[in-house]
Amino acid sequence: MLPKPDDIIDRDEEWKILNRFAKTSPSGRPGSSVAAWTGRRRAGKSYLLARFTKATDGFYFQADLEETLSQAQERFRDELAVYDLSLIADLSTLPIAANDTWDRLLEIAMNATFRRRQGRRVPPVVIDEFPYLLRDAPHLPSIVKAIHDSHMFPPGEVAPPGVRIRYYDRIIEGCLLLCGSAMSTIHELGHGSRPLFGRLTFKMTMNAFDHVDMARFWGIKDRRVAFTLFAVLGGAPGYMEALVKQAGLPAPETMEELDAWITEALLRPQPDFFTDAEMDHLLREDPRIGDKDIYRQAMKAISGGATTLAKIGGVIGRPKDETDAIVARLVAMRYVDEQRDLLRPRDYLFRLTDPIIRFHHAVVRSRISKLEKGQTTPAAAWRDAQHSFRSQVLGPAFEHIATWSAFRLLSDRKVDLGSDGWTLVPDPANRTTHEVDYLGLAFDTSARPTGSTITVIGETKATERPRGLKDLERLRHIRALLAKDHDAANAVLAIFSMHGFSDHLREAAKEAPGEVMLFDLDDVYEYRKPSF
């Protein structure tokens, strides 16, 4: 296996997958392999794929949304000629925008990379931002299908009756990787009604960094600074270079530096508001989205507390079927999360998951007008936004990293865990409902409205005050409510706090170590991925 370059943080599993893909079939049968690779904008997909393609001597092409069909094909042809100078003569006679131009270009590219194989290692052909090409060439997946299926018919053999394939007198060998930030489009390539159904070697979703690797990537040692920046930007590494340049400041190392950094990078109206421009770019990733404004309205509604389809539809003024389609697209794009109740999976809520979108709606959007008109300064706007920032940005972000790390942290303390999630617990006597941030079930139990074995009941808090005995009393009350319908009497009570715990709560945890478990920001940042 090719060693991963030292400057690539994490991505060990992705590098292994790419190495396995870029090989001939172990069976020795000729033919080509096709795979799909996706992930949200700025997650580092292009950087990783470009580095791997270069390391294997493959061919990398990145599509451009602004290019026409002819422009894209001409650039593909020109870059392919640079990749292999021996192809110049053949490529120069290739007509542009003909019916079979993409077919011929891909065949030439696959043959050129396959000729450079070394042993079983085959340099891949990587087409980045593949969905952009589908706007003017929606038949491209069918062409890729024909290339993949070429191995079914040895050269010169006639296709059997009833079998329709564009070319059956050739065998194309090699590895073709289709990549793009339009996650829903890439995932749909292999759906049952699509040409590539059953033909993709794999569909890979490359996630952004988790909070630990994000801190490593930025080189930030102070965990509060690292977490606050993670809450604003998430783990997408592609933001660092752009925003460091825009702020004109190095990566922040203290909270004071972070305040100045956010003010300069994200709240200056000139040249534009970064988060507003970024939201537009995010929606442009899916070329099928026409009316971007309705998607902005839906995300605004969710940010404002509309967490069900009925509530979202009421805010944006659309009927249920239209609202369902809009929200489903946002879920497929990973900008909205459909969070199902662990004990009642038919019940679910919608929440914003993209940190930049959360920050935009909580901090930037309502202050854009005043900032543009000079009625407030970026520093004053940032001070004014602190309450909404803590509740709408820091709170969800801390819940995310705490619950992300909880399974490992609790398992390390010998807690029986098989599945986890969140739930709503009715409290009829007090005419309220309690939202439980973290619920853990025993390994040998299933999630159902009654009769589950609950082993953990937890909450996460990013508020500035240390958590105290009232928090413990609340969890004990919730445990009693759950025990009416479930085996929950012995459930561990776990409290995750960004700002620590009171002396009284710490003492209570010492007195009942098997019942009460406390985790602070340092514990959450001790999370490590398992090694397989």
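Residues numbered from 1 in each chain as written. Predicted model: local features only at pLDDT ≥ 70, side-chain atom pairs only at ≥ 80, totals over all residues. Heavy atoms only, no water.

Undergrad: Hey, could you go over the overall build of the protein for me, with residue numbers and the actual values?
TA: Across its full length, the protein holds 23 helices and 12 strands. The C-alpha atoms of the protein give a radius of gyration of 26 Å, which matches the 24 Å a tight globule of 532 residues would have. With the principal axes as the frame, the protein shows a C-alpha extent of 80 × 60 × 50 Å. Looking at the protein as a whole, 50% of its 532 residues are labelled buried. (Helix = DSSP H or I, 4+ residues; strand = E, 2+ residues; numbered from the N terminus. Rg over C-alpha atoms; globule rule 2.2 N^0.38 Å. Buried < 20%, exposed > 50% of the residue type's maximum accessible area, 1.4 Å probe, protein only.)

Undergrad: Describe the packing of aromatic side chains, listing the residues and the values that go with them.
TA: Counted under the stated rule, the structure contains 16 aromatic pairs. A ring pair is formed by F59 and F76, whose centres lie 5.2 Å apart and whose planes are at 75 degrees; its orientation type is edge-to-face. Taken together, the residues F59 in strand 2 (residues 59-62) and F76 in helix 3 (residues 69-83) connect sequence positions 17 residues apart. Comparing F59 with F76, the two get one shared label, buried. (Phe/Tyr/Trp six-rings, centres within 6.5 Å; stacked < 30°, edge-to-face > 60°.)

Undergrad: Any details on the pattern of salt bridges? Residues and values, ideally.
TA: On inspection of all chains with the given rule, the structure shows 34 salt bridges. Two residues, R11 and E14, come together in a salt bridge whose shortest N-O distance is 3.6 Å. Both residues of the pair, R11 and E14, count as buried. One salt bridge in this structure joins R115 and D84, with 3.4 Å as the shortest N-O distance. With a gap of 31 residues between them, R115 in the loop between helix 5 (101-114) and strand 3 (125-128) and D84 in the loop between helix 3 and helix 4 (88-92) connect regions that are remote in the sequence. Residue D84 is classed as buried on the basis of its relative accessible area of 11%. The network of salt bridges with common partners includes R41, R42 and E278. (Salt bridge = Lys/Arg side-chain N within 4 Å of Asp/Glu carboxyl O.)

Undergrad: Now, about helix 7 (residues 140-148): what can you tell me, with residues and values included?
TA: With 7 of 9 residues buried, helix 7 is to be regarded as a mostly interior element. Within helix 7, the full set of buried residues consists of L140, P141, I143, V144, A146, I147 and H148. Looking at the buried positions of helix 7, the neighbouring elements they touch are strand 1 (32-38), helix 5, helix 6 (130-134) and strand 4 (174-180). (Contact = heavy atoms within 4.5 Å.)

Undergrad: Can you tell me about a positive patch on the surface, naming the residues and giving the values?
TA: A cluster of like positive charges, contributed by K16, R20, K23 and R120, occupies part of the molecular surface. Mapped onto the secondary structure, R20 falls in helix 1 (residues 12-21). (Patch = residues over 30% accessible without salt bridge, like charges linked within 9 Å, V, L, I, M, F, W, Y side chains within 5 Å. Areas by Shrake-Rupley, 256 points an atom, 1.4 Å probe, with all protein chains shown as cover. Lys, Arg positive; Asp, Glu negative; His and termini not counted. Charge placed at Lys NZ, Arg CZ, Asp CG, Glu CD.)

Undergrad: Any details on helix 5? Residues and values, ideally.
TA: The terminal C-alpha atoms of helix 5 lie 20 Å apart, and with 14 residues this matches the ideal 20 Å at 1.5 Å per residue to within 8%. Taking burial as the measure, the 14 residues of helix 5 include 12 buried ones, the bulk of the element. Among the residues making up helix 5, those that are buried are T101, W102, D103, L105, L106, E107, I108, A109, M110, A112, T113 and F114. (Expected span 1.5 Å × (residues − 1).)

Undergrad: So what's going on with the packing of helix 10 (residues 223-233) against helix 12 (residues 255-266)? Residues and values would help.
TA: Across the interface, helix 10 lies against helix 12 with an axial gap of 10 Å and an inter-helix angle of 20 degrees. Accordingly, the angle class assigned to the pair helix 10 and helix 12 is roughly parallel. Pair helix 10 / helix 12 crosses with right-handed handedness. The segment helix 10 lies against helix 12, with R224, V225, T228, L229, V232 and L233 engaging M255, L258, W261, I262 and L266. (Axes fitted to C-alpha atoms, helices over the stretch in contact; angles between N-to-C directions. Parallel < 35°, antiparallel > 145°, perpendicular 65-115°, else oblique. Left-handed = near helix turned anticlockwise from the far one by under 90°.)

Undergrad: Run through the side chain of S32, naming residues and quoting values.
TA: Along the chain, the position of S32 falls in strand 1. Within the structure, S32 has its side chain in polar contact with the backbone oxygen of I147 (distance 3.4 Å). When neighbours within four sequence positions are excluded, S32 is seen to be in contact with M110, I147, H148, I172, E173 and G174. (Polar contact = N/O pair within 3.5 Å; in protein donor to acceptor, adjacent residues only side chain to side chain.)

Undergrad: Quick rundown of the environment of D57? Include the residues and the values.
TA: By the element assignment, D57 lies in the loop between helix 2 (45-56) and strand 2. Its relative accessible area of 37% is what places D57 among the partly exposed residues. Between the alpha carbons of D57 and R117 there is a distance of 8.8 Å; along the sequence they are 60 residues apart. Residues within four places of D57 in sequence aside, it is in contact with Y83, R116 and P123. A polar side-chain atom of D57 sits 3.0 Å from a polar atom in the side chain of R116.

Undergrad: Tell me about the nonpolar core, residues and numbers included.
TA: With 61 residues, the main nonpolar core has F227, L233 and L410 as its most contacted residues. In terms of residue count, helix 20 (residues 386-412) provides more of this core than any other element does, 10 residues in total. Ignoring any residue separated from it by four or fewer positions in sequence, one finds L410 in contact with V415, L417, Y438, V456, A494, M517 and F519. Within the second largest apolar cluster, 39 residues are counted, among which are F61, F130, I186 and L196. (Core = buried A, V, L, I, M, F, W, Y, C linked by side-chain atoms within 4.5 Å.)

Undergrad: I'd love a proper account of the sheet that holds strand 2, names of residues and values included.
TA: Read across the open sheet, the 5 strands follow the order 2-3-4-1-5; overall the sheet is parallel. Single-partner strands in this sheet number two, and they are strand 2 and strand 5 (200-205). Pairs of neighbouring strands in the sheet enclose a mean axial angle of 15 degrees, with direction left out of account. Two elements, strand 3 and strand 4, share 3 bridges in a ladder whose sense is parallel. When the sheet's bridge partners are listed, V125 is paired in strand 4 with L176. Strands in contact with helix 7 are strand 1 and strand 4; relative to strand 1, the strand with the most contacts, it is inclined by about 145 degrees. (Pairing = 2+ DSSP bridges.)

Undergrad: How would you summarise a negative patch on the surface if you had to cite specific residues and measurements?
TA: Among the surface-exposed residues, E253, E256, E257 and D259 lie close enough to one another that they form a single negatively charged patch. Counting through the fold element by element, E257 comes out in helix 12.

Undergrad: Could you give me a rundown of the sheet that holds strand 8 (residues 419-427), with the residues and numbers involved?
TA: Spatially, the 5 strands line up as an open sheet ordered 8-9-10-11-12, and their pairing is mixed. A strand with exactly one partner marks an edge of an open sheet, and here the two such strands are strand 8 and strand 12 (516-519). Strand-to-strand twist of the sheet, defined as the mean angle between neighbouring strand axes without regard to direction, takes the value 30 degrees. As judged from the 8 bridges shared by strand 8 and strand 9 (residues 432-441), these two strands associate in the antiparallel manner.

Undergrad: Could you give me a rundown of the pairing of strand 11 (residues 492-497), with the residues and numbers involved?
TA: Burial of strand 11 is extensive: 6 of the 6 residues sit out of reach of the surface. Assessed by its sense of winding, the connection that carries the chain from strand 10 (residues 454-461) through helix 21 (residues 469-482) to strand 11 is right-handed. As defined by bridge partners, strand 11 adjoins strand 12 across 4 bridges and the pair is classed as parallel. Residue pairing across strands places A494 opposite M517, the latter belonging to strand 12. A crossover connection joins strand 11 to the parallel strand 12 through helix 22 (residues 503-511); in handedness this β-α-β unit is right-handed. (Right-handed = clockwise from strand over helix to strand, strands pointing away.)

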